[in-house]
Amino acid sequence: MFIHETIPFLPGNTFTDVTKTDYRKAHTLNYLNGYAVQFQPTLGIGLDFIEHARLPSPEQLVKAAGEDPRITYGDKQFHTKPMKPRFVPAHVAFDKVVLRFDAYFKQTVHESTEQHHLRKVRIYYYVEDDSIAVVESPVENSCIPQGALIKRQRLPKNSTELYTVKDLNLDILITFYGKTFHNVSCDKFTEYYMRETEGINLNPPQKMPSDPYQVHRNRQPPPCDGERRQAEEVLGERPESFEFYCIWDDRDSMFGEVREFVMHYYLVDDCVEVREIQKPNNGRDPFPILLRRQQLPKAFIDLPAINDTAKYTWKDFRIGSVINVLGRKFLIRDCDEYTATFYEERLGLNMKDIKRDAVGLEEWFRFHEHEMPPYNGFGSVEDSLGSCKCLVLKPPKKDFIKMLENEHKVLRFESKRKEDKDRRFVISHRLADDMMTIYELPQRNAGTLGGKFMERTRVPKPGSSLSSPNGPSYYDAPDLFVGTTIEIFRHRFVLLDADEYVFNYMEQQPDVFVHSNVKLVVEKVRRWISELGSSNVGEVKQKLLDAVEENVGTLAALKERVRRGLESARSSRSVELARKTYLEIGREYWKDALNGAKFESPISALTSCLNGLVNKIQ
């Protein structure tokens, strides 16, 4: 043995044999029966013998024959190397291993006949990391936030310890964050795991108690008494419900108002349900049911005494009566047709007369309308009203169908101001958007400048308030006709004439433009001539002929002469009627007089027209 072999094999303690010069390596690859095989080397580098490759001596083999079974039976069949257990982490060994316990806790209810609500939960214990989650199954229409009450986490047992699986059992009280839960049962896997793995025998499971509130809600309705059976026999069939419209005046309290409700009375079980009528932008939460379906006591003193007092029946409901809804005074102001028919036919009560004779009903039924701020002049009126009605601003709605159908359609009227005798104006009304424009006709040596008198805008009617909840009312096409007087921003204009397109457009729609309906106009003139008498008809005709004695070359000049003749023929109190009717009648019968005939002069044409007109309306 070399000296360096006894030195620890550490860096700096190894030495090489400087006398060694042979570094040959023995080969181990060879062929046996035509196959390539590899033999175990017996010689190392430099052809030195290897210690473990040397075969034992016969004496050593005989001595070890009874000691080592590897020599007798072989190493692979009966002897294996000792194996150490492999380390498995907890998140792998206990992956998806969850223990489930069914539990409940009691929630105290204040200021109610119910002492508590029993809420059922499930406690999940995750073995992999000792975390716990508490989940409550959602109950429909419970109005209670449900779901994960406690998210998955490690929960503290006290100031120094955390909950483990050893702390869980059945029929025990366990507290999480100040809320005490009562474990009553578990599933079969949890029971098996606790017994086989943890060595814990669980306590006997308990029955889950019932919630008194749910039991009260799920109770069966009481059987029909004699009064209800009598009502069903009277009707011949079981009615569903009676519907009454009532109000609740709560203006005596702070921020109170008059509110509308619908009260349903169910004859089958004498129950009453009260629903609130929701209005847009009223600022209230969308909970329409004020009183769920239940029997309504007449005298409300305290909540525990509700079941001991008399209940309302269908005979107590009528228009004008006051119903006590748990301390709130509801006034019945109306009912539906079915309820009114039932009370009128079976009980002899006329609901319409009761509604009309109800004392103080109209004064009590005063609704508070939202006051709109005055128009400040910025933007359009619709935009200002939209900012008051909606929180999120929206552009005003437009009637696109009307705009497409009446595109480029304009009604033009000749007018004058009552203050100015000789000034003439042209009022243009756009049918697409009901906007109006006013131009003044230029006149020489008149002392006024012609041109645009008013920009295109919508003109509100006189008396229309800009702060109205529905907005102001504007002038429309049916409001404009020859002879009428319109007020445009405190300027009064009298419409004297219109172009041919306006008359044709109005005559095509006599239902909309009643002043262009020839039948109605003839009826007016018929009443006018009947008032004059037969002796005055000739005088009127003569005055009309005298008005056009001069030779006129155009139809417009002839119309002006006829208009002046009608005004002179009528008294001062009926001049307005002549202004409104002369054009409509003249247009109709002027066409009839000129149809297929040629006249020597306008006087002869007018004479023929007047003869046909007088003969027609007499």
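Throughout what follows, the structure given in this document is the object of discussion. (Residues numbered from 1 in each chain as written. Predicted model: local features only at pLDDT ≥ 70, side-chain atom pairs only at ≥ 80, totals over all residues. Heavy atoms only, no water.)

### Topic: the overall build of the protein chain
Rules: To qualify as a helix, a DSSP run of H or I must reach at least 4 residues; to qualify as a strand, a run of E must reach at least 2; elements of each kind are numbered from the N terminus. Exposure is judged per residue with a 1.4 Å probe applied to protein chains only, and the accessible area is read against the type maximum: over 50% gives exposed, under 20% gives buried, and values in between give partly exposed. Only the protein chains shown count as cover for residues, and all accessible areas are computed by the Shrake-Rupley method using a 1.4 Å probe.
Across its full length, the protein chain carries 18 helices and 20 strands. A buried classification covers 30% of the 618 residues belonging to the protein chain. With the model as given, the accessible surface of the protein chain reaches about 41700 Å², and the carbon-plus-sulfur share is 52%.

### Concerning the sheet that holds strand 12 (residues 289-294)
Spelled out, the test is: Here, a strand pair is defined by DSSP locating no fewer than two bridges between the strands. Helix axes are fitted to C-alpha atoms over the stretch in contact, other axes to C-alpha atoms as well, and angles between N-to-C directions run from 0 to 180 degrees.
Read across the open sheet, the six strands follow the order 12-11-10-9-14-13; overall the sheet is antiparallel. In this open sheet, the two strands that pair with only one neighbour each are strand 12 and strand 13 (322-325). Between one strand and the next, the sheet's axes are offset by a mean angle of 35°, whatever the strand orientation. Where strand 11 (residues 271-276) and strand 12 come together, three bridges link them in antiparallel fashion.

### Notes on the environment of Y124
By the secondary structure assignment, Y124 is in strand 4 (residues 116-126). Owing to a relative accessible area of 23%, Y124 belongs among the partly exposed residues under this scheme. As a C-alpha pair, Y124 and R100 span 24 residues in sequence and 4.8 Å in three-dimensional space.

### Concerning the packing of aromatic side chains
As a reminder of what qualifies: Whether two aromatic rings pair depends on their centres lying within 6.5 Å, for rings of Phe, Tyr and Trp, where Trp uses its six-membered ring; planes under 30 degrees apart make the pair stacked, over 60 edge-to-face, and the rest tilted. Only lysine NZ and arginine CZ atoms are considered, and such an atom sits over a ring when it is within 6 Å of the ring centre and within 35 degrees of the ring normal.
Per the stated rule, a full pass over the model turns up 23 aromatic pairs. Plain terms: the ring middles of F453 and F493 are 6.0 Å apart, the flat faces sit at 80° to each other, and that makes the pair edge-to-face. With F453 in strand 18 (residues 451-457) and F493 in strand 20 (residues 491-498), this residue pair connects regions lying 40 residues apart in the sequence. Overall, F453 belongs to the partly exposed group, its relative accessible area being 29%. Residue classification places F493 among the buried positions, given a relative accessible area of 0%. Cation over ring: R293 sits above Y266, and NZ or CZ is 3.8 Å from the ring centre. Here the basic side chain of R458 rests over the ring of Y474, its NZ or CZ set 4.0 Å away from the ring centre.

### Regarding the nonpolar core
It is characteristic of soluble globular proteins that their nonpolar side chains tend to be buried jointly. Note the cut-off: What makes a nonpolar core is a set of buried Ala, Val, Leu, Ile, Met, Phe, Trp, Tyr and Cys residues whose side-chain atoms join them at distances within 4.5 Å. Here, residues are in contact when the closest pair of their heavy atoms is within 4.5 Å.
Membership of the largest hydrophobic core comes to 26 residues, with the highest contact counts inside it found for F244, M263, F317 and Y343. Secondary-structure elements contributing two or more residues to this core are strand 9 (242-249), strand 10 (258-266), strand 11, strand 13, strand 14 (328-335) and helix 8 (337-346). Looking at which element gives the most residues to this core, the answer is strand 9, with four residues. In this view, F317 contacts F244, M263, Y265, V272, Y312, I323, I332 and Y343; residues no more than four positions away in its chain are not counted. Core analysis: the next-biggest nonpolar cluster, separate from the first, contains 25 residues, V121, V134, L168 and F181 among them.

### Notes on helix 5 (residues 188-196)
Residues three or four positions apart in an α-helix share a direction because the helix packs 3.6 residues into each turn. What counts here: Here the arc refers to the set of directions running from the helix axis out to each C-beta atom.
Among all positions of helix 5, only T190, Y193 and M194 are buried. Take helix 5 and look down its axis: the buried residues cluster within an arc of 95°, on one side only.

### Let's talk about the pairing of strand 15 (residues 410-417)
Sheet topology places strand 15 next to strand 16 (residues 425-430); six bridges connect them, and they run antiparallel. Each bridged residue has a counterpart across the sheet, and for V410 the counterpart in strand 16 is R430. Taken together, the five bridges between strand 15 and strand 20 define a ladder with antiparallel strand orientation. For R417, the partnering residue across the bridge sits in strand 20 and is F493.

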